[in-house]
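Observations on chain architecture
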Amino acid sequence: MHLTIHKTSVSTYNKATEQRGKMNKHIKQYCEEKGLTVDGNTAYGTLNGFETNFRLDNLDNYNPLKFHINCYTTDEQKRNIESELRKKAFKFFRWQFTRYGIFIGVNYFTNKSAAKRLPSLMDETIEILKSNGALGTGYCPICGKELTADANRSYSIDEIYRLKVTADDECVNDVNKVIEAENVDYNNAPNNYAQGFLGALLGGLAGALIAIVLSFAGYVATISSLVACGLGSFLYVKFGGKRNKMMIVIVTITSLICVVSSMFVIYIILSAQAAKEAGLIMTGLEAFT
């Protein structure tokens, strides 16, 4: 998932702004059989009574298959739906409620196996929504009021996978006011580069330590770099750093320096061992140079 620096206001849906890509033939067939309109790597339409957005992102190893089912639910209904989804224990399946409904992320080994599993997976999920009273097509997913022809239109929601949402105009205006206020608070928040750098450094050192341990175990793994960047990003924010472009720069450079430095440490240690085996009395740095 990409880093969202600023939230984007809800705007009138514009087909030309959609990001295009290529839809896998197996997934495309599933979407078309369900009545969704496929456009590039996205699909949109009504699925079992719920306005549904679908997106296939093959570059996302965590959730390449993304659904968003637009619906309105109360807090109690959310708790009940969450409880039933947990009982289902679907594999490689995660969900989270959003302001406009429920997001579903799915991962499988191949798109073909995903297409085989998706019909029952989505049908069971939507049945859970229906049985718990979730309001679908014809109702505003933000307030739950029944939509009238002159009080709703389709909007694009850029901060969550470029969703298309049919909602009440008044609700959308209220959401935009909240987003604008959040963006003002975000812009006024301190950058805290020093605190963020400390978090990135700790993440980088953890990655470097893993690289050293694995090297002496006989492995050269890229996991050390992933740990350095992933943990560094998490700790950067945890320590008070601000999520922005500088965070990416600081975490990337810090992780790179730490992981590269770990290779230098490994060579120093190996050089010291080689010197000892040769009966030479010198430090690892002297033996290396």
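Relevant structure appears above.
In this numbering scheme, every chain counts its residues from 1 along its sequence in written order. In keeping with the predicted nature of the model, local features appear solely for residues at pLDDT of at least 70, side-chain atom pairs appear and are counted solely at 80 or more, and the whole-chain, interface and lining totals rest on all residues. Each side-chain value is derived from all of the structure's non-hydrogen atoms; neither hydrogens nor water enter the calculation.

Let's talk about the overall build of the protein chain
Labels follow the DSSP assignment, with helices taken as runs of H or I lasting at least four residues and strands as runs of E lasting at least two, numbered in each case from the N terminus. From N to C terminus, the protein chain includes eight helices and nine strands. Per-residue burial over the protein chain gives 39% buried out of 289 residues. Between two residues, a contact is recorded if the distance between any of their heavy atoms is within 4.5 Å. Restricting the contact set of the protein chain to residue pairs at least 6 apart, pairs at least 24 apart contribute 62%. Accessibility throughout is a Shrake-Rupley quantity obtained with a 1.4 Å probe, and a residue counts as covered only by protein chains that appear here. Accessible surface, the protein chain as shown: approximately 16,100 Å² in total, 57% of it carbon and sulfur. Three labels apply to residues, based on accessible area from a 1.4 Å probe with only protein chains included: buried if under 20% of the type maximum, exposed if over 50%, partly exposed otherwise in between.

Quick look at the nonpolar core
Residues Ile 27, Phe 54 and Leu 118 are the most contacted members of the largest nonpolar core, which totals 31 residues. Contacts of Ile 27, omitting those with residues within four sequence positions, involve Phe 54, Leu 56, Leu 65, Asn 111, Ala 114, Ala 115 and Leu 118. We define a nonpolar core as any set of buried Ala, Val, Leu, Ile, Met, Phe, Trp, Tyr and Cys residues linked to one another through side-chain atoms lying within 4.5 Å. Formed by 12 residues, the second largest nonpolar core is a distinct cluster that contains Leu 147, Ile 157, Val 165 and Val 172.

With respect to the packing of helix α2 (residues 75–88) against helix α3 (residues 111–131)
Only C-alpha atoms enter the line fits that serve as axes; for helices the fit covers just the stretch in contact. Angles between N-to-C directions range over 0 to 180 degrees. With their axes 10 Å apart at the nearest point, α2 and α3 run at an angle of 150 degrees to one another. As far as their axial angle goes, α3 and α2 are roughly antiparallel. Seen from above, α2 lies across α3 with right-handed handedness. On the side of α2, the interface is formed by Ile 81, Glu 84, Leu 85 and Lys 88, while α3 contributes Glu 124, Thr 125, Ile 128, Leu 129 and Ser 131. The nonpolar class holds Ala, Val, Leu, Ile, Met, Phe, Trp, Tyr, Cys and Pro. Asp, Glu, Lys and Arg form the charged class, and all remaining residues, Gly among them, are polar. Taken together, the residues of the contact of α2 with α3 break down into four nonpolar, two polar and three charged. Throughout, the term roughly parallel applies to angles under 35 degrees, roughly antiparallel to angles over 145, roughly perpendicular to angles from 65 to 115, and oblique to all others. Left-handed describes a crossing whose near helix is turned anticlockwise from the far helix by less than a right angle; the clockwise case is right-handed.

Some thoughts on the pattern of salt bridges
Whenever a carboxyl oxygen of Asp or Glu lies within 4 Å of a side-chain nitrogen of Lys or Arg, that contact is scored as a salt bridge. Counted under the stated rule, the structure contains three salt bridges. For the salt bridge of Lys 34 with Asp 123, the shortest nitrogen-to-oxygen distance reads 3.2 Å. One end of the pair, Lys 34, is in the loop between α1 (25–33) and β2 (37–39); the other, Asp 123, is in helix α3, with 89 residues separating them in the sequence. The class for Lys 34 is partly exposed, based on a relative accessible area of 23%.

Here we look at a nonpolar patch on the surface
Note that patches include only residues with greater than 30% relative accessible area and no salt bridge, and the join distances are 9 Å for like charges and 5 Å for nonpolar side chains (Val, Leu, Ile, Met, Phe, Trp, Tyr). A surface patch of nonpolar side chains, amounting to about 590 Å² of accessible area, comprises Phe 216, Met 263, Phe 264, Val 265, Tyr 267, Ile 269 and Leu 270. Of all the elements, helix α7 (residues 245–277) adds the most residues to the nonpolar patch, at six residues. As for its position among the elements, Met 263 is in helix α7. Its relative accessible area of 34% is what places Met 263 among the partly exposed residues.

Let's talk about the packing of helix α5 (residues 193–216) against α7
Across the interface, α5 lies against α7 with an axial gap of 8 Å and an inter-helix angle of 35 degrees. Remark: the crossing between α5 and α7 carries right-handed chirality. Of α7, the residues touching α5 (which contributes Tyr 193, Phe 197, Ala 200, Leu 201, Gly 204, Leu 205, Ala 208, Ala 211, Ile 212, Ser 215 and Phe 216) are Met 246, Ile 250, Val 251, Thr 254, Cys 258, Ser 262, Val 265, Ile 266, Ile 269, Leu 270 and Gln 273.

A short note on the pairing of strand β7 (residues 101–106)
A large share of β7 lies buried, amounting to six of its six residues. Pairing between strand β5 (residues 65–70) and β7: six bridges, direction antiparallel. Each bridged residue has a counterpart across the sheet, and for Ile 69 the counterpart in β7 is Ile 102. Relative to β7, strand β6 (residues 93–98) runs antiparallel, the two being bridged by six bridges. Note that in β7 the partner of Arg 94 across the bridge is Gly 105. For two strands to be treated as a pair, DSSP must find at least two bridges joining them. Hairpin connection between β6 and β7: a loop of two residues separates the two successive antiparallel strands.

Describing the sheet that holds strand β4 (residues 50–56)
One key point about sheets: their strands pair by backbone hydrogen bonds, in either a parallel or an antiparallel sense. The sheet built from six strands is open, its strands ordered β2-β3-β4-β5-β7-β6 with antiparallel pairing. The open sheet has two edge strands, β2 and β6, and neither has a second partner. Adjacent strand axes in the sheet meet at a mean angle of 15 degrees when their direction is disregarded. With respect to the sheet, α2 is in contact with β6 and β7, its orientation differing from that of β6 by roughly 175 degrees.

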